[in-house]
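Below, each chain spelled out in residue letters.
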Amino acid sequence: MYVVTGASGHIGNTLIRMLVEQGKADQIIAMLHSHREPRSLAGLPVRRIYGDICDEKSLVSSFRGADVVFHCAAFISIVPGMFERLHRINHEGTLNVLRACRTAGVGRLVHVASIEAIGDVGSGRPVTEEDGFNPDKAMIEYGITKATAAIEVLKEAQKGLDVVIVSPVGVVGPYDFKPSQMGQMVIDFVTHKLPAYPDGGFDFVDVRDVARALIAAAEKGRRGENYLITGGHLSIPEMMAMLEKITGVRKPFFKLPHWLLGVAAIGSEICFRLFGGNPVLTRSSLRILRSRLTVCGEKARRELSIEPTPLEETFSAQIAFFRSEGMLPPL
């Protein structure tokens, strides 16, 4: 039996879809925080249960009998000032998951970490698993809480808990119902709401590759190991050119200088605090893009047989998904 925390999220719902495609629908339990049916799981023939990673007792009852728990639940924010909530969900919630796995006798825990939890090694070389999780080098508040959580996961592995960690880079691709910050940027590009773009770049990966890596980690990942999952580095100018090629929409003409991006990021954060929404540009996101971080995915290729999907194919699938869901106008 498989239990998926964060089942309605981008990674969680994609993982469930892949398990269903493999004929395992009757073995899947989707753990949801709310009794309201999420659009991301509509029509999927899997059992729903309701629990809260901040409530250890609800986790124990949800995990009993599980062969594998996929811990995909997390709170992601690129807006400064969210550390308390990030820590409560990402760090303390993971501690609850670990204790519940022990109490319930779970066979294996596959924990989703993040490249932000490792951070930029600062030497210009690709990041590898050997760099480890380090809160002092982690990127943004989100990365700090994911780093401290991953360290606790590894401690439990040393105590005998069967745990494998999967650490994706920036996740893009279809089934992005929310949408994510990167998904929103793609939507803004296609709808001509992106008047300019920042410099910099990052490593990105197809969400379906992440789901494949999670399943492979459950089946053959080595206990106590971390696997970085990447589809390759893409600069923002390269991304703009790729989106133009896919959609036929002309990319923005202006590439904003760093000083103006900083001003725009502060304005975006103020608008978020006043009106809410899903900001794409913040000072935290700028730090990520300016890092020009690159990642080595060789270990996942070698041990999990993960071959990355070309990013042009990934963005094409993401845009097709947005159109099918009415999040973009049809062609």
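Not measured: the values here are computed from a predicted model.

**Q** Just give me the short version of helix α6 (residues 207–220), but keep the residues and values in it.
**A** In this model, α6 (14 residues) spans 20 Å end to end at C-alpha, consistent with the 20 Å of a helix rising 1.5 Å per residue. The set of residues buried in α6 consists of Val-207, Asp-209, Val-210, Ala-211, Ala-213, Leu-214, Ile-215, Ala-216, Ala-217 and Ala-218.

**Q** Mind laying out helix α4 (residues 140–158), listing which residues take part and the relevant values?
**A** A rise of 1.5 Å per residue sets the reference length of α4, with its 19 residues, at 27 Å; its end C-alpha atoms lie 28 Å apart and thus fit the reference within 8%. Burial in α4 covers these residues: Ile-140, Tyr-142, Gly-143, Thr-145, Lys-146, Ala-147, Ala-149, Ala-150, Val-153, Glu-156 and Ala-157. Following α4 by one or two positions, Gly-160 has its phi on the positive side, about 115 degrees.

**Q** Describe the sheet that holds strand β9 (residues 201–206), naming the residues involved and giving the relevant values.
**A** With respect to topology, three strands assemble into an open sheet ordered β7-β9-β11, the strand pairing being mixed. For this open sheet the edge positions go to β7 (170–172) and β11 (233–235), each flanked by a neighbour on one side alone. Neighbour-to-neighbour, the strand axes of this sheet turn through a mean angle of 50 degrees, independent of strand direction. Its contacts with the sheet place α6 against β7 and β9, and it is angled at close to 60 degrees to β9. Sheet strands in contact with helix α7 (residues 236–247) are β9 and β11, and its direction is about 85 degrees off that of β11.

**Q** Could you give me a rundown of empty space enclosed by the protein, with the residues and numbers involved?
**A** Under the definition given, this model contains one cavity of 30 Å³ or more. By volume, the largest cavity is sized at about 40 Å³. Partitioned by chemical class, the residues of the lining of the largest cavity number five nonpolar, two polar and one charged.

**Q** Pulling in residues and values, what's your account of the pairing of strand β2 (residues 28–32)?
**A** With five of five residues buried, β2 lies mostly within the body of the structure. Where burial is concerned, the two faces of β2 agree: the one with Ile-28, Ala-30 and Leu-32 and the one with Ile-29 and Met-31 are both buried. The pairing of strand β1 (residues 2–5) with β2 spans three bridges and is parallel. Bridge assignment links Tyr-2 to a residue of β2, and that residue is Ile-28. Each parallel crossover has a hand, and the one from β1 via helix α1 (residues 10–21) to β2 is right-handed.

**Q** Can you break down the packing of aromatic side chains residue by residue, with the values?
**A** Going through the model one piece at a time under the given rule, you end up with five aromatic pairs. Summarising the aromatic geometry, the rings of Tyr-175 and Phe-321 are spaced 5.8 Å apart at their centres and angled 65 degrees between planes, so their arrangement reads as edge-to-face. You can see Tyr-175 sitting in the loop between β7 and α5 (181–190) and its partner Phe-321 sitting in helix α11 (residues 311–324), a full 146 residues away along the chain. You can call Tyr-175 partly exposed: its relative accessible area is 25%.

**Q** A description of the packing of helix α3 (residues 83–104) against α4 should follow, citing residues and the corresponding values.
**A** Orientation of α3 relative to α4, taken along the N-to-C sense of each, is 15 degrees, at an axis distance of 8 Å. As judged from the angle between their axes, α3 and α4 are roughly parallel. Crossing handedness for the pair α3 and α4: right-handed. Residue-level inspection shows Phe-83, Leu-86, His-87, Asn-90, His-91, Thr-94, Leu-95, Leu-98 and Arg-102 of α3 in contact with α4, the latter providing Glu-141, Tyr-142, Ile-144, Thr-145, Lys-146, Thr-148, Ala-149, Glu-152, Val-153 and Glu-156. Of the residues in the contact of α3 with α4, the class split is eight nonpolar, six polar and five charged.

**Q** Break down the nonpolar core for me, with residues and values.
**A** Counting 108 residues, the largest nonpolar core has Phe-63, Phe-70, Leu-214 and Met-239 as the members making the most contacts within it. Tallying contributions element by element places α6 first for this core, with nine residues. Look past the residues within four positions of Met-239 in its chain and what remains in contact with it is Met-182, Met-185, Phe-204, Leu-234 and Phe-315.

**Q** Describe the environment of Met-139, with residues and values.
**A** With respect to the helices, strands and loops of the structure, Met-139 is situated in the loop between β5 (108–112) and α4. C-alpha separation for the pair Met-139 and Ser-114, spaced 25 residues apart in sequence, amounts to 10.0 Å.

**Q** Can you explain the environment of Ser-58? Please cite residues and give values.
**A** The residue Ser-58 is located in helix α2 (residues 56–63) in this model. Residues Ser-58 and Asn-96, 38 residues apart in the sequence, show an inter-C-alpha distance of 9.8 Å. Residues contacting Ser-58, with those up to four places away along its chain left out, are Gly-51 and Asp-52. Separated by 3.1 Å, the side chain of Ser-58 and the backbone nitrogen of Asp-52 make a polar contact.

Conventions adopted
Residues numbered from 1 in each chain as written. Predicted model: local features only at pLDDT ≥ 70, side-chain atom pairs only at ≥ 80, totals over all residues. Heavy atoms only, no water. Helix = DSSP H or I, 4+ residues; strand = E, 2+ residues; numbered from the N terminus. Expected span 1.5 Å × (residues − 1). Buried < 20%, exposed > 50% of the residue type's maximum accessible area, 1.4 Å probe, protein only. Pairing = 2+ DSSP bridges. Axes fitted to C-alpha atoms, helices over the stretch in contact; angles between N-to-C directions. Contact = heavy atoms within 4.5 Å. 1 Å grid on protein atoms, 1.4 Å probe; cavity = no way out; pocket = protein on both sides within 12 Å on 5 of 7 lines; lining within 4 Å. Points joined across faces, edges and corners; volume = space filled by probe spheres on them. Nonpolar A, V, L, I, M, F, W, Y, C, P; charged D, E, K, R; others polar. Right-handed = clockwise from strand over helix to strand, strands pointing away. Phe/Tyr/Trp six-rings, centres within 6.5 Å; stacked < 30°, edge-to-face > 60°. Parallel < 35°, antiparallel > 145°, perpendicular 65-115°, else oblique. Left-handed = near helix turned anticlockwise from the far one by under 90°. Core = buried A, V, L, I, M, F, W, Y, C linked by side-chain atoms within 4.5 Å. Polar contact = N/O pair within 3.5 Å; in protein donor to acceptor, adjacent residues only side chain to side chain.

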